Every structure is written in C-alpha cells, then in structure tokens.
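Topology and contacts: notes
Single-letter residue listing:
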Amino acid sequence: MANIEQLNKIRALEKSGSTSSNKTIFENLHVCYLDAPIKEHYPKVLDSNGSKKKDENGNDLRSDRADGFTYTFSEIGTSQVVKVVLPKKYKMELDQFYSVGGKGYRIRSGNLIFIDEAGSISNFQ
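About the cut-offs
Residues numbered from 1 in each chain as written. Predicted model: local features only at pLDDT ≥ 70, side-chain atom pairs only at ≥ 80, totals over all residues. Heavy atoms only, no water. Helix = DSSP H or I, 4+ residues; strand = E, 2+ residues; numbered from the N terminus. Core = buried A, V, L, I, M, F, W, Y, C linked by side-chain atoms within 4.5 Å. Buried < 20%, exposed > 50% of the residue type's maximum accessible area, 1.4 Å probe, protein only. Contact = heavy atoms within 4.5 Å. Pairing = 2+ DSSP bridges. Phe/Tyr/Trp six-rings, centres within 6.5 Å; stacked < 30°, edge-to-face > 60°.

1. A look at unusual backbone geometry
For Asp35, which is not a glycine, the phi torsion comes out positive at approximately 70°. Counting through the fold element by element, Asp35 comes out in the loop between strand S1 (24–33) and strand S2 (39–41). In this structure, Asp95 takes a positive phi of about 65° despite not being glycine. Among the structural elements, Asp95 can be located in the loop between strand S4 (81–86) and strand S5 (97–107).

This is the structure:
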C-alpha cells in the first residue's frame, strides 16, 4: 500500500502537462499500477508519406507484428488513465508507484494520456 510520505513526495514533484492534443514529450508522470491487463501493441501502418493507411471501411490499418506491450496506469493526483507502450514485458506489482515518460498524446475528452513512442518506466523511489 502507498504511504503518505510517498504521496507527498509525488505531489511535490508533479509538473503541469501539455495543454494541446499534439504529440508531446511527457517526463516523470507519477502513476500507480492497478492490475489492468497488459496487451500487445500493434502499430498503425504508414504509407511512404507518413500518413496512416486506411482499409476499405476507412479504419486505420494495423501491423501484423507487435512492437511492444501496452500498460495501463492511473496518474497520482488526478486518477487520469495513462497508457504506455513499452518494448518488453515487465513484472508489475499491484499498488506500486512508477515514473513513466515518452512521446504521446493527452486526450482530454477521454481523460487519457497515451504514450506510444520512446516509452520508459522506472520505480518511483
């Protein structure tokens, strides 16, 4: 279980995030793992111009090959959902605090931060 000292330390270190929905660099987001399932991540397929390829129904095409695993956390202080794509599977501990970062999107309408590029994780000390 989390203790008050760790929570106070996290709150003291929190920084304000991006206010736009463009790809942003996130650093030291303080999160808690709540035993959400870990899923394989299949990236979107891009054409030679870097645009997302679409199928006949207009949906984004996904690669047949996974490029990592998507982990779901809850941000400390806001309970915002934070999803991070990491290159390998890590052993997560329930109610453990972590610091995560990378490049991604803040999706305010979905109460979500999605980091899909250069994802990183470390135990919060």
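2. Overview of the nonpolar core
In this structure, Leu29, Val31, Phe73, Val82, Val84 and Val100 are the most contacted members of the largest nonpolar core, which totals 15 residues. For this core, the secondary structure elements donating two or more residues are S1, strand S3 (68–75), S4, S5 and strand S6 (112–123). Sorting elements by how many residues they give to this core places S1 first, with four residues. In this structure Val100 touches Glu27, Asn28, Leu29, Val31, Phe73, Val82, Val84, Ser120 and Ile121, once residues within four positions along its chain are discounted.

3. A short note on the pairing of S6
Pairing geometry for S4 and S6, over four bridges, is parallel. Bridging from a neighbouring strand, Val81 pairs with Leu112 of S6. Bridging between S5 and S6 involves nine bridges; their strand directions are antiparallel. Within S6, the residue paired with Tyr98 across the bridge is Asn123.

4. Let's talk about the packing of aromatic side chains
Here the structure, examined in full by the defined rule, presents four aromatic pairs. Ring centres of Tyr33 and Phe73 lie 6.0 Å apart, and the angle between their planes is 65°; on these two criteria the pair is classed as edge-to-face. Linking Tyr33 in strand S1 with Phe73 in strand S3, this pair joins segments that are 40 residues apart in sequence. Geometrically, the ring pair formed by Tyr71 and Phe73 is stacked, given 6.5 Å between the ring centres and 20° between the ring planes.

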